[in-house]
Amino acid sequence: MAEPVFRHVALIGIGLIGSSLGHIMRQNGLAGHVSGFAKSSATRDKAIQLKIVDEIHDNAADAAKGADLIILCTPVGAFKVVAAEIGPVLKPGAIVTDVGSVKEAVVRDCAPFMPAGVHLIPGHPVAGTEQSGPESGFADLFDNRWVILTPPDDVDEAAFKSLVRFWEGCGSNVEIMTPDHHDLVLAITSHIPHLIAYNIVGTADDLEQVTRSEVIKYSAGGFRDFTRIAASDPTMWRDVFVHNKDAVLEMLGRFTEDLTDLQRAIRRGDADRLFEIFTKTRSIRRRIIDAGQETEAPDFGRHTTGSGSD
Ligand code: NAP
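Within each chain, residues carry numbers counting from 1 in the order of the written sequence. Given that the model is predicted, a residue must reach a pLDDT of at least 70 before its local features are reported, and side-chain atom pairs must reach 80 or more before they are shown or counted; all residues, however, enter totals for whole chains, interfaces and linings. Working from all heavy atoms in the structure, the side-chain values ignore hydrogens and water.

### Description of the overall build of the protein
Line of reasoning, step 1. Under the scheme used here, helices are H or I runs from DSSP no shorter than 4 residues and strands are E runs no shorter than 2 residues, and both carry numbers assigned from the N terminus. When its secondary structure is counted, the protein shows 12 helices and nine strands.
Line of reasoning, step 2. Taken over C-alpha atoms, the radius of gyration comes to 21 Å for the protein, in line with the 19 Å a tight globule of 310 residues would show.
Line of reasoning, step 3. Along the first, second and third principal axes, the C-alpha atoms of the protein reach 65 × 40 × 35 Å.
Line of reasoning, step 4. Each accessible area is a Shrake-Rupley estimate made with a 1.4 Å probe; only the visible protein chains count as cover when residues are assessed. About 16,300 Å² of surface is accessible on the protein, with carbon and sulfur atoms providing 55% of the total. Here the radius of gyration uses the C-alpha set of atoms, whereas the globule reference equals 2.2 Å times the residue count to the power 0.38.

### Side note on the nonpolar core
Line of reasoning, step 1. Nine residue types can take part in a nonpolar core, namely buried Ala, Val, Leu, Ile, Met, Phe, Trp, Tyr and Cys, and a core is a set of them joined through side-chain atoms within 4.5 Å. Relative accessibility decides the category of a residue: with a 1.4 Å probe and only protein chains considered, values under 20% of the type maximum give buried, values over 50% give exposed, and everything between is partly exposed. Counting residues in hydrophobic clusters, the biggest one holds 37 residues, and the most contacted among them are Leu11, Leu21, Met25, Ile71, Phe142, Phe166 and Trp167.
Line of reasoning, step 2. Counting residues per element, this core draws most heavily on helix H6 (residues 157-169), at six residues.
Line of reasoning, step 3. In what follows, a contact means two residues having at least one pair of non-hydrogen atoms within 4.5 Å. Ignoring sequence-local partners within four residues, the contact set of methionine 25 consists of Val9, Leu11, Leu30, Ala31, Val34 and Phe166.

### Focus: the domain arrangement of the protein
Line of reasoning, step 1. Domain boundaries assigned for the protein yield domain 1 (6-177) and domain 2 (181-305).
Line of reasoning, step 2. Put simply, the middle of domain 1 and the middle of domain 2, counted by C-alpha atoms, are 29 Å apart.
Line of reasoning, step 3. On the side of domain 2, 20 residues touch domain 1, which itself brings 24 residues to the contact.
Line of reasoning, step 4. Buried area: the sum, over both parts, of the accessible surface (1.4 Å probe) that disappears when the two are put together. Both faces considered, domain 1 and domain 2 share a buried interface measuring about 1,800 Å² in area, 61% of it formed by carbon and sulfur atoms.
Line of reasoning, step 5. Between arginine 228 and glutamate 130 there is a salt bridge, with the nearest N and O atoms lying 3.2 Å from each other.
Line of reasoning, step 6. What qualifies as a polar contact is a pair of N or O atoms within 3.5 Å, subject to a donor-acceptor requirement within protein and to the restriction that residues adjacent in sequence count only when both atoms come from side chains. Across the domain 1-domain 2 interface, the total number found is eight residue pairs in polar contact (both at pLDDT 80 or more).
Line of reasoning, step 7. Elements with a contribution of two residues or more to the side of domain 1 that touches domain 2: helix H5 (104-110) and strand S8 (146-149).
Line of reasoning, step 8. Counting residues per element, the side of domain 1 that touches domain 2 draws most heavily on H5, which supplies four residues.
Line of reasoning, step 9. Gly is placed with the polar residues, together with every amino acid not listed as nonpolar (Ala, Val, Leu, Ile, Met, Phe, Trp, Tyr, Cys and Pro) or charged (Asp, Glu, Lys and Arg). Across the side of domain 1 that touches domain 2, the residue classes break down as nine nonpolar, eight polar and seven charged. The split into domains, and so the bounds of each, comes from an automatic or database assignment of domains. The working definition used for a salt bridge is a side-chain nitrogen of Lys or Arg within 4 Å of a carboxyl oxygen of Asp or Glu.

### Let's talk about the pattern of salt bridges
Side-chain pairs of opposite charge can arise whenever the charged atoms involved come near each other.
Line of reasoning, step 1. By the definition in use, this model includes 17 salt bridges.
Line of reasoning, step 2. Among the salt bridges present, the one from lysine 103 reaches aspartate 98, with a minimum N-O distance of 2.8 Å. Of the two residues, lysine 103 and aspartate 98, neither departs from the other in class, the shared state being buried.
Line of reasoning, step 3. The closest approach of N and O atoms between arginine 286 and glutamate 296, which form a salt bridge, is 2.3 Å. Within this pair, whereas arginine 286 is found in helix H12 (residues 271-290), its partner glutamate 296 is found in the segment after H12, the two being separated by 10 residues in sequence.
Line of reasoning, step 4. Note on glutamate 296: relative accessible area 55%, which makes it exposed.
Line of reasoning, step 5. Because the salt bridges share partners, they merge into one network encompassing Asp261, Arg264, Arg273 and Glu276.

### Observations regarding the packing of aromatic side chains
Line of reasoning, step 1. Any pair of Phe, Tyr and Trp rings, taking the six-membered ring for Trp, is counted once the centres come within 6.5 Å. Such a pair is stacked with planes under 30 degrees apart, edge-to-face with planes over 60 apart, and tilted for the rest. Taken as a whole and judged by the stated rule, the model has four aromatic pairs.
Line of reasoning, step 2. Between phenylalanine 142 and tryptophan 167, the aromatic rings sit 5.4 Å apart at their centres with planes inclined by 75°, giving edge-to-face as the arrangement. Taken together, the positions of phenylalanine 142 in the loop between strand S7 (123-125) and S8 and tryptophan 167 in helix H6 put the pair 25 residues apart, joining distant regions of the chain. Tryptophan 167 matches phenylalanine 142 in its accessibility class, with the two residues each being buried.
Line of reasoning, step 3. Between tryptophan 237 and phenylalanine 241, the ring centres sit 5.9 Å apart and the planes meet at 40°, which makes this aromatic pair tilted. Within this pair, tryptophan 237 and its partner phenylalanine 241 are both found in helix H10 (residues 234-243), separated by four residues, close to a single helical turn. With respect to burial, tryptophan 237 and phenylalanine 241 carry one shared label: buried.
Line of reasoning, step 4. Ring pairing ties together the aromatic residues Phe6, Phe142, Phe166 and Trp167, which thus form one cluster.

### Let's talk about the side chain of serine 172
Line of reasoning, step 1. Position of serine 172 among the secondary structure elements: in the loop between H6 and strand S9 (173-176).
Line of reasoning, step 2. Within the structure, serine 172 has its side chain in polar contact with the backbone oxygen of phenylalanine 142 (distance 3.1 Å).
Line of reasoning, step 3. Among residues more than four places away in sequence, those in contact with serine 172 are Phe142, Arg145, Val147 and Trp167.

### Some words on the site of the ligand
Line of reasoning, step 1. Not every one of the 28 residues close to the ligand is listed here, only the nearest: Ile14, Ser40, Thr43, Thr74 and Ser101.
Line of reasoning, step 2. One of the backbone nitrogen or oxygen atoms of threonine 129 is found 3.4 Å away from an oxygen atom of the ligand.
Line of reasoning, step 3. In this structure, glycine 133 approaches the ligand through a main-chain N or O atom, which is 2.8 Å from an oxygen atom.
Line of reasoning, step 4. Here the ligand loses 86% of its free accessible area of 910 Å² to cover by the protein chains.
Line of reasoning, step 5. Elements supplying a minimum of two residues to the shell around the ligand: helix H1 (16-28) and S7.
Line of reasoning, step 6. A per-class count over the shell around the ligand returns 12 nonpolar, 13 polar and three charged. If a single non-hydrogen atom of a residue is within 4 Å of a molecule or strand, that residue counts as near it.

So this is what it looks like as structure tokens:
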């Protein structure tokens, strides 16, 4: 096994993403030692039982003390409190990164608490499932998935290279973006799709002329696929929308305009327009398959591995 990329890694939060990182670090020998913080005693017990970490703490500062790489893996709404807690104990030269689904808010919430000599390099693995908690993680979650890093302009080159090496060691491909561009791209590729899923599942649940048992019985008509996404963790997604308000509202405006276009085509019986739109969208799926981000296999009872919730 190769030399660990980092001597000591601290996982702050041990849910789907934190536990998956723990598994892959162990499997690929990426860290010499892994400490962890989890809020609940149930998660702390699981983290030890499943060998996700070598040591576990009930506060973030104790987990982060002495670490070379600290990875924030809680919902983004908790980052500010965590950053304030760990700031005073971070050692010079340490790298603080995160896996949050939003990036501008991470810089805004965390940067003020980073002491001089500590490198804040935000990140986001574009990989996930609708599952949550320490038991839902698996080692190949990040395999062949993109990780977007949003380093500051004056990033320390050596720190940045180590972080890239770490993610590549997890099997990921690394891309660099500015935080605001990340938030715009993810608003349309992830956040709006989740909003649509939450909305359509909620609407179906509220219908009065169609019974709930009919919704469940005939769900294979398309509804079922939305329910998978709409089963994603409510805390995580609440925080995403609260912390990516501007980009989501901008993309939602575009989405609403296009929905109105479809509505008009249906009302006017404009078959050509509908056919044109549906043909274009089909080709986008082909491009996603060709890019290796989805498989062609029919998807009855989709299994979790690699099928993104984020
Ligand atoms: P998760 O499975 O729900 O786990 C969240 C973890 O954070 C748990 O260990 C939980 O502790 C802890 N936590 C929750 N609220 C906290 C608080 N207020 N203070 C301290 N700790 C708290 O979540 P996840 O899916 O791994 O997501 C974690 C991060 O990854 C989020 O920022 C999310 O945006 C990002 N992300 C998620 C996905 C995805 O598909 N799920 C993909 C990419 C990125 P307890 O277990 O003790 O309650």
